Each structure stands twice: as structure tokens, then as C-alpha cells.
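Observations on chain architecture
In case you want the letters, here they are:
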Amino acid sequence: MAIPASVLEDWEALTEEDRLKAQSFIRVLLQQRRETEQSNDRPSFPLGVWNGGLLYMSDDFNETPEGFEDYT
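The shown structure was predicted, so the numbers you read here are calculated from the model rather than taken from an experiment.

1. What about the layout of surface pockets?
Picture a little ball the size of a water molecule; that probe, rolled over the atoms, points out where space is still empty. Considered as a void within the structure, the largest pocket measures approximately 160 Å³ in volume. Lining the largest pocket are Ile3, Val7, Leu8, Asp10, Trp11, Leu14, Ala22 and Ile26. Contributions of two or more residues to the lining of the largest pocket are made by helix H1 (5-13) and helix H2 (16-41). No other element matches H1, which puts 4 residues into the lining of the largest pocket. Its residues assigned to classes, the lining of the largest pocket comprises 7 nonpolar, no polar and 1 charged.

2. Some details on the packing of aromatic side chains
Tallying each qualifying case throughout the model produces 1 aromatic pair. Ring geometry for Phe68 against Tyr71: centres 5.9 Å apart, planes inclined by 50°, an arrangement best described as tilted. Judged by relative accessible area, Phe68 falls into the partly exposed class, the value being 46%.

3. Digging into the pattern of salt bridges
Counted according to the given criterion, the structure contains 3 salt bridges. Here Glu12 makes a salt bridge to Arg19, at a shortest N to O gap of 3.6 Å. Residue Lys21 is joined to Glu17 by a salt bridge in which the shortest nitrogen-to-oxygen separation is 3.6 Å. Note that Lys21 and Glu17 are positioned in helix H2 at a spacing of 4 residues, about one turn of the helix.

4. A look at the side chain of Arg19
By the secondary structure assignment, Arg19 is in helix H2. Classification of Arg19 as buried rests on a relative accessible area of 19%. Residue contacts for Arg19: discarding those within four places in its chain leaves Trp11, Glu12 and Leu14.

What counts as what
Residues numbered from 1 in each chain as written. Predicted model: local features only at pLDDT ≥ 70, side-chain atom pairs only at ≥ 80, totals over all residues. Heavy atoms only, no water. 1 Å grid on protein atoms, 1.4 Å probe; cavity = no way out; pocket = protein on both sides within 12 Å on 5 of 7 lines; lining within 4 Å. Points joined across faces, edges and corners; volume = space filled by probe spheres on them. Helix = DSSP H or I, 4+ residues; strand = E, 2+ residues; numbered from the N terminus. Nonpolar A, V, L, I, M, F, W, Y, C, P; charged D, E, K, R; others polar. Phe/Tyr/Trp six-rings, centres within 6.5 Å; stacked < 30°, edge-to-face > 60°. Buried < 20%, exposed > 50% of the residue type's maximum accessible area, 1.4 Å probe, protein only. Salt bridge = Lys/Arg side-chain N within 4 Å of Asp/Glu carboxyl O. Contact = heavy atoms within 4.5 Å.

Take a look at the structure:
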């Protein structure tokens, strides 16, 4: 895709400092897009993780673990 002439004209009108700021902003936008695309690619919860039900639960599951008495 070609850069529109109006964008090039605006770029030429910027100072060197403003061009650096614009480039930094473009990089932030690109990073946000990459992060959004990555989060959309992964399911939030893997399908089938509990397929077949719970296979094992410890006999002492309901007992308070040692050292956690103050929290219960």
C-alpha cells in the first residue's frame, strides 16, 4: 500500500523532533495491534481440559495445609 500524498506532506512539515515522536507513536500502535492479534489467536480456556471429568482428588483435599491455619 502506498503512503497517501497528504501523509507525506504532513511528514515533511514536521520538525525532526516531531518526526521521532510520530515514529514512536506508530510503533506503539503496531505493538498494540500485535498484542491484540495474539490474544485473539489463543482460546481463553483450552477446550476439552475437563473432558472425561475429574480423574483424581486427594483424600485430604478438604484439610487445611500445614502453615495455612491463620488464613482459614
